[in-house]
Every structure is written in structure tokens, then in C-alpha cells.
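Fold and contact review
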Amino acid sequence: MAKKGARRRKRRTHVVQSDEAFKNLPKSFVFKKGRVTPSVRLLVQDLRKLMAPFTALRLREARVQKVRDFINVAGVFGVTHLVMLSQTDVAVYLRIARLPAGPSFTFRVHSYTLATEVRASQKRPRATTSDYDKSPLVVLNGFKEGKA
């Protein structure tokens, strides 16, 4: 025996998000500056995956490119932040800049662990391509000041 009444209307499916929703989201370039070791290059790749989907995953870098070149291209793509990694003999530095004329912050990286090292230490590593499709939940509980 069939149900009585009209069929249920689907109201939430096939909703296309407008370009206005994506226009206000922050977009970023992550790149290295100067000569860096291969592990810092892998750190750049890990940061790009971490900041996906609103970052350039396959950003091409050349040694002759300057920060000014990235700033000039950023306006065309709607990029709002630059994340630069550089290395000296002393340490690795992370610099975050807001575009077009915002503030910039420089941090000294005391230590880091690559995603491949974390997966190698896990008993059952879980890594799929869909892990980086949605923004992460940031938990800042338990961080202490002092030595790392």
C-alpha cells in the first residue's frame, strides 16, 4: 500500500555556493625563500597540504623569483596571505605577510616534524587525499610557555 500525501521535496540538495562566499575566504601562497635544505622543502609541501584547499598546492618556484614577483601575481588570484620559509646557518624562519599592505610576522622555528615522519611513527597510519579537503580543528589546549 502506497503512502498518502505528496512526495517530500528536497530543499537542501544541489545548493550551488555563489562566488561571493569564496571571495571573502583567505587564500595563500606558501613558498621558500633562498637556499634551504631538502627537509625544509618537504616542510613547505606539508604546509601547502595543511592549508588546502585555499592555497596553491603546485606553486612553481624559481631561484630568480623575488617576493615582489609573488606579490604582483597575488592580486590576480585573490591571494591575501604569503607564508615564506627561509633558512640561515642558525635556524629556519617562518614569515607570514598580509596582502596588499598588511603587517608581517617573523617566527623562528625551533623544531618541526614532517608529515612523513609522523606517519612512520604511527602504528596504523591513515592518510587519504580527502584528509586535506576540509579545514582542520585547531586545539590550543595544553600549550605551555618555556622550553619546547
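What this report covers is the structure whose coordinates are included nearby. Everything quoted here is computed from the prediction, not taken from an experiment.

On to a positive patch on the surface, then. On the surface, a cluster of positive charge is contributed by R7, R8, K10 and R12. Within the secondary structure layout, R7 lies in the segment before α1 (19-23).

Spatially, the four strands line up as an open sheet ordered β1-β2-β3-β4, and their pairing is mixed. Only two strands of the sheet have a single partner each, and these edge strands are β1 (28-33) and β4 (104-109). Averaged over all pairs of adjacent strands, the angle between strand axes in this sheet comes to 15 degrees, irrespective of strand direction. Taken together, the six bridges between β1 and strand β2 (residues 81-87) define a ladder with parallel strand orientation. Bridge assignment links S28 to a residue of β2, and that residue is H81.

All right, on to the packing of aromatic side chains then. On inspection of all chains with the given rule, the structure shows two aromatic pairs. A ring pair is formed by F29 and F70, whose centres lie 6.3 Å apart and whose planes are at 70 degrees; its orientation type is edge-to-face. You can see F29 sitting in strand β1 and its partner F70 sitting in helix α3 (residues 67-77), a full 41 residues away along the chain. Exposure remark for F70: the relative accessible area of 7% places this residue in the buried category. Within the aromatic cluster, the residues linked to one another by ring pairs are F29, F31 and F70.

Right, let's talk about the side chain of D46 for a bit. Relative to the elements of secondary structure, D46 occurs in helix α2 (residues 38-50). Buried charged residue D46 carries no salt bridge. Nearest counter-charge: K49, at 5.2 Å. At a separation of 2.9 Å, a polar atom in the side chain of D46 contacts the main-chain amide nitrogen of A115. Those residues in contact with D46 that lie beyond four places of it in its chain are L114 and A115.

Okay, a nonpolar patch on the surface next. On the surface, V73, V76 and F77 cluster together into a nonpolar patch covering about 310 Å² of accessible area. The residue F77 is located in helix α3 in this model. Note on F77: relative accessible area 54%, which makes it exposed.

Cut-offs applied
- Residues numbered from 1 in each chain as written.
- Predicted model: local features only at pLDDT ≥ 70, side-chain atom pairs only at ≥ 80, totals over all residues.
- Heavy atoms only, no water.
- Patch = residues over 30% accessible without salt bridge, like charges linked within 9 Å, V, L, I, M, F, W, Y side chains within 5 Å.
- Areas by Shrake-Rupley, 256 points an atom, 1.4 Å probe, with all protein chains shown as cover.
- Salt bridge = Lys/Arg side-chain N within 4 Å of Asp/Glu carboxyl O.
- Lys, Arg positive; Asp, Glu negative; His and termini not counted.
- Charge placed at Lys NZ, Arg CZ, Asp CG, Glu CD.
- Helix = DSSP H or I, 4+ residues; strand = E, 2+ residues; numbered from the N terminus.
- Pairing = 2+ DSSP bridges.
- Axes fitted to C-alpha atoms, helices over the stretch in contact; angles between N-to-C directions.
- Phe/Tyr/Trp six-rings, centres within 6.5 Å; stacked < 30°, edge-to-face > 60°.
- Buried < 20%, exposed > 50% of the residue type's maximum accessible area, 1.4 Å probe, protein only.
- Polar contact = N/O pair within 3.5 Å; in protein donor to acceptor, adjacent residues only side chain to side chain.
- Contact = heavy atoms within 4.5 Å.

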